[in-house]
Amino acid sequence: MTIAITTQIICFTILSLVILIGALGVVLLESIVYSAFLLGGVFMSVAGLYLLLNASFVAAAQVLVYVGAVNVLIIFAIMLVNKKEDLKPINDIKSRRIISTSICLTLLSLLIRVDMTNVWSLSSPQNSIGEESTIRIGEHLFSDYLLPFEVASVLLLMAMIGAIVLARRDVMSKDISTGLPVDQELIEKSSEPLLTNKN
Amino acid sequence: MMSLESIPIQAFLIVSSALFCIGIWGLLNSRNAVRVLMSIELMLNAVNINLMAFSSYVDNNLIQGQVFTIFVITVAAAEAAVGLAILLSLYRNRVTVDMESFNLLKW
C-alpha cells in the first residue's frame, strides 16, 4: 500500500457516498432509465473500493462484467419492455411500505451492531501481497478451486442456452395451445397475449 | 483523534450493510420487474464488498475472498441473463412489467 492514509480516507468517503446515494437513487427514482444509469455509477464506485483494497484484478472484472455486460443487458431489457403504463393502485400500499421499511431498518441496525461490536481478528501486516494478488487468484483457480472453476464454465453455458431458449419467440412451427401456424418473423406482430387478466 | 494506519474494516462492512438493506428495500417495494433485478444486483454487490474486505483484512496471504468474488460475479452475470430472458417472455405473455400482475402461482 503506497497511498497515504489521508488520500485513502478521502477516496473511501467519496466512493461510499456515491455508492449509497446512487443505490438510493436506483430504488427510489421514478424513471427506470435513470435508475439503470445510476446502477452503472454504483458498479464503477464498487470497483473503486476494490482498487482501494488492492485488488486490481477483481476491480477490472467488476468493470468488465457488471458495467460492460450486466448494465448494458439491463438497459437493453428496459428498451425492449419500456412502455408507459398506468399501474393499478394497491389499497394497502401504506402498511406495506411501513412494514418493509421497518424490516430493512431493523436488519440494518442489527448488521451495524454486529459490525461494530464484534472483535475481528485481523492479520497484522495489512495488504501485504498487493499486486501479486492476480497471480495468487490464478493459482487458486487452477489448483484448489479447479472444480468450481469448471462448474462455473458449465453454468455459463447453461445460462446462455437457457436465455436463448427463453427469449426466443417460437421454437415450434405450430402453436401448441391454439394449433395455428406461428409466424417466424423477426418483428413482432400484434397478437392476443395468452395470459391477460380476464376479469 | 488517533492516527490510523489504514481504513478500519468496520467502514467497509457498514457500507456493504447499508447497500444490502437498500437492495432489500428495493426488492420489496419495486413494482417494475427490471428494478427488482437491479435490486438483486445491488445486494450481490454488497456481498462482494464484504468478501473483498475480509479477504484483504483477515486473509491477506491466501486471498480466497477474491476468488469467491470472481465466482459471485460469474453467477451474477448468468443470473442477470436468465432473469432478463424470463422477464422478456413474461412481458410477451402479459404485456406488463408490473410485479403485482404476475400472480400465476397464486392459489
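First, a word on scope: everything that follows refers to the structure included in this document.

What counts, and at which threshold
Residues numbered from 1 in each chain as written. Chains lettered and ligands numbered in written order. Predicted model: local features only at pLDDT ≥ 70, side-chain atom pairs only at ≥ 80, totals over all residues. Helix = DSSP H or I, 4+ residues; strand = E, 2+ residues; numbered from the N terminus. Rg over C-alpha atoms; globule rule 2.2 N^0.38 Å. Buried ≥ 20, exposed ≤ 12 C-beta atoms within 10 Å, placed from the backbone. Contact = placed C-beta atoms within 7 Å. Expected span 1.5 Å × (residues − 1).

**Considerations on the overall build of chain B**
No. 1: When its secondary structure is counted, chain B shows three helices and zero strands.
No. 2: Scaling as 2.2 N^0.38, a compact globule of 107 residues should have a C-alpha radius of gyration of about 13 Å, whereas chain B reaches 18 Å, well beyond that.
No. 3: Structurally, chain B occupies a C-alpha span of about 60 × 30 × 20 Å along its principal axes.
No. 4: By the burial criterion, 51% of the 107 residues in chain B qualify as buried.
No. 5: Of all intrachain contacts in chain B linking residues separated by at least 6 positions in sequence, the fraction that spans at least 24 positions is 52%.

**Overview of the overall build of chain A**
No. 1: A count of helices and strands for chain A gives six helices and zero strands.
No. 2: Secondary structure of chain A in N-to-C order comes out as α-α-α-α-α-α.
No. 3: Residue burial in chain A is summarised as follows: out of 199 residues, 21% are buried.
No. 4: Considering only contacts within chain A whose residues lie at least 6 apart along the sequence, 46% involve residues at least 24 apart.

**Topic: the environment of A:Val26**
No. 1: In this fold, A:Val26 is placed in helix 1 (residues 5-28).
No. 2: Along the backbone, A:Val26 and A:Phe37 are eleven residues apart, and their C-alpha atoms lie at a distance of 8.5 Å.
No. 3: If we ignore the near neighbours within four places in the chain, the residues touching A:Val26 are A:Ser35, A:Leu38, A:Leu39, A:Val42, B:Gly26, B:Met38 and B:Leu42.

**Considerations on unusual backbone geometry**
No. 1: Unlike most non-glycine residues, A:Asn54 shows phi in positive territory, near 65°.
No. 2: Summarising the element assignment, A:Asn54 is placed in the loop between helix 2 (32-52) and helix 3 (56-81).

**Things to note about helix 3 (residues 64-94) of chain B**
No. 1: For helix 3 of chain B, built from 31 residues, the straight-helix expectation of 45 Å at 1.5 Å per residue is met to within 8% by its first-to-last C-alpha distance of 44 Å.
No. 2: B:Val95, located one to two residues past helix 3 of chain B, shows a positive phi value of around 55°.

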